[in-house]
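Coordinate inspection notes
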Amino acid sequence: MSNVFPEIRFQGQLRPSQAEAIAVVEQQLAAGQKRLHVVAPPGSGKTVLGLFLWAHHIRKPALVLSPNSAIQSQWAARTDLFHSTLTSKQLVSTETSGSALLTSLTYQSVTLPRRGDADLEADALDFWIDVLIYKEQAQDPAEAEIWINDLKVHNPDYYEKRMRVYRKAVRDDAILKGNALELLHDSSQQTLETFKQQGVGLIILDECHHLMGHWGRVLADAHDYLDQPVIIGLTATPPDEKGKRPEDIDRYNDFFGPIDYEVPIPAVVKDGYLAPYQDLAYFVRPSPEELSYVANTDDQLQLIMETLCTARVIETVSEPESLPDIETEEPPSVECAEPLQDWLLQLLTELELPSGQMVEDWTTFERRDPSLADASRLFLQHRGIPLPPHVPPLSVDLMEEDIPRLNYWAPVLDRYIRHRLRRSPSQSDQELAQQAIDQLRLLGLQITETGCQACASPVGRVIAYSRNKIKALVPILSQEIENLQENIRAVVIADFEKTSATSAEVEHLLDEEAGGAIAAFKQLVNNPPTDWLNPVLLTGSSVLVDDDIAEQLQSSAEEWLRARDIDVTLSREPFDGFDLLNGSGSQWSPRVYVEMITDLFQAGVTRCLVGTRGLLGEGWDANKINVLIDLTTVTTSMTVNQLRGRSFRLDPDQPEKVANNWDVVCIAPEFTKGLDDYERFNKKHCRLFGVTDDGLIEKGVGHVHAAFTELKPEGLEESVQLLNSDMLTRSTKRAESRQLWKIGEPYQGIPLKTIEINSASRDGAGWGFMPFQGMRSPWSAESLTKAVSRAVLESLQEAGQLSHESSLKIGARSGNYIRVFLDRASEADCELFLDAVNQVFGPVQGARYVIPRHVNQIEDTWISRLLPDLLGRFFRKTEQELAMVHAVPAALARNKRLVAIFQSRWNQHVSPGEALFAYRGAGAELVEEAQRAGFVPHSKIHEKEIFL
């Protein structure tokens, strides 16, 4: 191939976000940067962006690597947007020959490890032997080798399964030491050699978040082998570092460096290149059988606590649903040296840490083990046991009813079991410890040698895969059918085809299909409203088709296969309500039938696809999706973004498309683990942006519904019917949602911090009329918040701490919340301002200066009552009284000059009053009086992130 790079021109028009990204990359390239890192959501044009940089800026032979063949093909297909004098084969290839200017391959093609290597086998075997000796399963290598050889003969499947584990461990260890390329398969080594000879000058790594493991280790070495070409890393979301090796995390961060440019999803929606969307949720309760199991398991906590406090061995039961009634059945009694509460009281009396070390004072004890210090006091006070004189009490009011008791008692149980029972010489104590550990695992608390941690619980599994979550598909999709009629294209995504490994504790409740894609498919085909959708299920090995369209779909599929010259013979096997579509022939594979069924879905042969996040996840594209129902339990931002990105694509046939993305959430707030699914729902949305009822784009669960910001779990249960009704109604308002997105209007383009304040006090105090001459208007939540925020903003500006270009924005939200933020302000200015407002509406404890807020109280007199209202108001009696005492923000309380500035602005906008030093004298007396009378703020404040 000629060394002269040919002329290649982009024939389309760049999107604003693409143009901005290219401008940033141009600067980086001009500065000599050769590793570029761009984050952009699915559908935002990452492929075109990469190709444009290759054709117009880097202009060298390029290698594109992707995680699967679907994405690999997309890169080759997108080159049709570029004009060149080269033939298509000279321009782009998906083969490893290196004959084209741009080659698109999968990561596997250049990172395939060597198989069957004698040295690798020997090293893996040695590693296995070492593990057996280390874990005291063998006394010496000879004994370990005899056991392994016997296993190889009598249980070869298990032998090979374990050998794969140890081969991988040995290979990873070698790669980490810098021997990555030596351990590659010959084909991968030859592929790299081909591109070295070609002189590849650019490597584009698509979905580069996958490079936190083996692929990343190999490519780090391959980059050096290929003489360090320019690297462009593209991804929809940075990788999840949880569970990854520190070496892999460091390598990834060093390899790509910081993110050079990030395209927020709201920007692409507002520019009109992704479809606007609504995030909706539907709530269900567990079935009666599931609730019975959850309730009986929940009784375990009370049983454990009472047992440990009365020194009895826990009575175990064969089935959790048949737990004894703890009020009527007494477990058999076995003496224990010190019941839990006695042990705790002794620790606090003697200030002895659970490890046995004595400390001098309470402050040291609290500092050394703060969680135990709080939990032990709450535990003893909750049981009415007086604390030692030197131990300050805690308010039992801190124990909010909606927080499960296990969250409070975990430190107490952990320390007692590990440091008292396990270390006891008494066999009964040790037995009690093990029984408590086993029972706590059912509740999702695992006590290990080094502490306690959350773990998967059978209760959480029952909630996550509740039968009623599958049943919720019917009302959701029935409403969406009514909304969209023939235009509906719905996708239901589950974790797995089946729930697979069902634990013994819940096998009577969860069969192998519970919560899986197969169960969802059967629910749809067996209910007339949703059977109208003619659902199709895509599994890892076959296709299930609604029997209503089985013959039509087979005919359409055969036509699709013939048009592409794919040699596959289709057949059907009938079942109850659906047919199994089988394919025979060497070309029949998930890649083929997923693409085939997707095209038939796009054409409307089926209006609903059901599948798993593995099949319908990364790289899968169907731009007609307008309803997505997420039944998965994933919470990592990487996976959640990939799933949600399926529905954002523009549909040329429906230019006004708005996608509804649904979560189905099962709750039982009255039980210890009954909110696991709700917590997953919150985690899913913690990094997602969505449009709110006041037309702002907000990150977090509050964009789904304002109530989720504040709603307590017990209130959640009471509000389920209302919330579901509201969500179904909102699903009909796609046009209104589209207007809230303000597509095409100017926007700032950066995320901003905001706070939401509900300043209503517990006893209703703090309201009244504005305390200024001639003012006859009462304060409202919005007017008060605006006045206080204005006083803070102008004070900070006058003090020279904030730019005068910033403007205050106030907006009312449902639930009596008022949103406060700064427009046209830097990130530092926003943070300073919001912290100051937060402090004014927050607790006064620790404030250096405080300032009173007065209100006018207006009462009728005998004259005002006689006169018409218009005249009578001039004769009403007005009295000014103290409403609240607020903290002066720390940024304005450093010296008297700053305090005077704040006092002046406060007097101008909020109330007359003098700012007082709170540590002594009149200020200290004012704070004490206000706290006693309840005249201190109890505002509920939430910090959020919005996109303008």
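Our structure is the block above this text.
Here's a quick rundown of the structure. (Residues numbered from 1 in each chain as written. Predicted model: local features only at pLDDT ≥ 70, side-chain atom pairs only at ≥ 80, totals over all residues. Heavy atoms only, no water.)

Here we look at the environment of His685
Condition: Working definition: helices are DSSP H or I runs of at least four residues, strands are E runs of at least two. Numbering for both runs from the N terminus. Per-residue accessibility, obtained with a 1.4 Å probe over protein chains only, is compared with the maximum for each type, and a residue is labelled buried under 20%, exposed over 50%, and partly exposed between these values. Residue contacts are defined here by distance: any two heavy atoms, one from each residue, within 4.5 Å place the two residues in contact.
Tracing the chain through its elements places His685 in helix 27 (residues 676-685). Look at His685 and you get buried, because its relative accessible area is 0%. Sequence separation between His685 and Val704 is 19 residues; the distance between their C-alpha atoms is 8.5 Å. Once you skip the residues sitting within four places of it in the chain, His685 turns out to touch Asp279, Arg644, Asp663, Gly700, Val701, His703 and Val704.

Quick look at the sheet that holds strand 23 (residues 751-758)
Using the following cut-off: Pairing between strands is defined by DSSP: at least two bridges between the two strands are required. Fitted lines through C-alpha atoms give the axes, limited to the stretch in contact for helices. The angle between two N-to-C directions lies from 0 to 180 degrees.
Here we have six strands laid out as an open sheet, ordered 21-22-29-23-25-24, and antiparallel in their pairing. Each end of this open sheet is capped by a strand with a single partner; those strands are strand 21 (689-691) and strand 24 (807-813). Across the sheet, the axes of successive neighbouring strands diverge by a mean angle of 35 degrees, strand direction being ignored. Here three bridges tie strand 23 to strand 25 (residues 817-823), and the two strands are oriented antiparallel to one another. Among the inter-strand pairings, Ile755 is bridged to a residue of strand 25, identified as Val820. With respect to the sheet, helix 32 (residues 781-798) is in contact with strand 23, strand 24 and strand 25, its orientation differing from that of strand 24 by roughly 160 degrees. Against the sheet, helix 33 (residues 827-841) touches strand 23, strand 24, strand 25 and strand 29 (940-947), its axis set at about 10 degrees to strand 23.

Topic: the packing of helix 2 (residues 46-58) against helix 3 (residues 69-78)
Put simply, the test is: Orientation categories follow fixed angle ranges, with anything under 35 degrees roughly parallel, anything over 145 roughly antiparallel, 65 to 115 roughly perpendicular, and all other angles oblique. Handedness of a crossing follows from how the near helix is turned relative to the far one, being left-handed for an anticlockwise turn of less than a right angle and right-handed for a clockwise one. Any residue outside Ala, Val, Leu, Ile, Met, Phe, Trp, Tyr, Cys, Pro, Asp, Glu, Lys and Arg is labelled polar, Gly included; the first ten of those are nonpolar and the last four are charged.
Two elements in contact, helix 2 and helix 3, have axes separated by 10 Å at closest approach and are oriented at 55 degrees. The pairing of helix 2 with helix 3 is recorded here as oblique in orientation. Crossing of helix 2 over helix 3 shows right-handed handedness. Contacts between helix 2 and helix 3 pair Lys46, Thr47, Val48, Gly50 and Leu51 from the former with Gln74, Trp75 and Arg78 from the latter. A per-class count over the contact of helix 2 with helix 3 returns three nonpolar, three polar and two charged.

What about unusual backbone geometry?
Phi at Glu207 is positive, roughly 50 degrees, even though this residue is not glycine. Examined against the element boundaries, Glu207 turns out to sit in the loop between strand 7 (202-206) and helix 10 (214-225). What makes Glu207 buried here is its relative accessible area of 7%. A positive phi angle, close to 50 degrees, is found at Leu351, a residue other than glycine. Tracing the sequence through the fold places Leu351 in the loop between helix 14 (340-350) and helix 15 (362-368).

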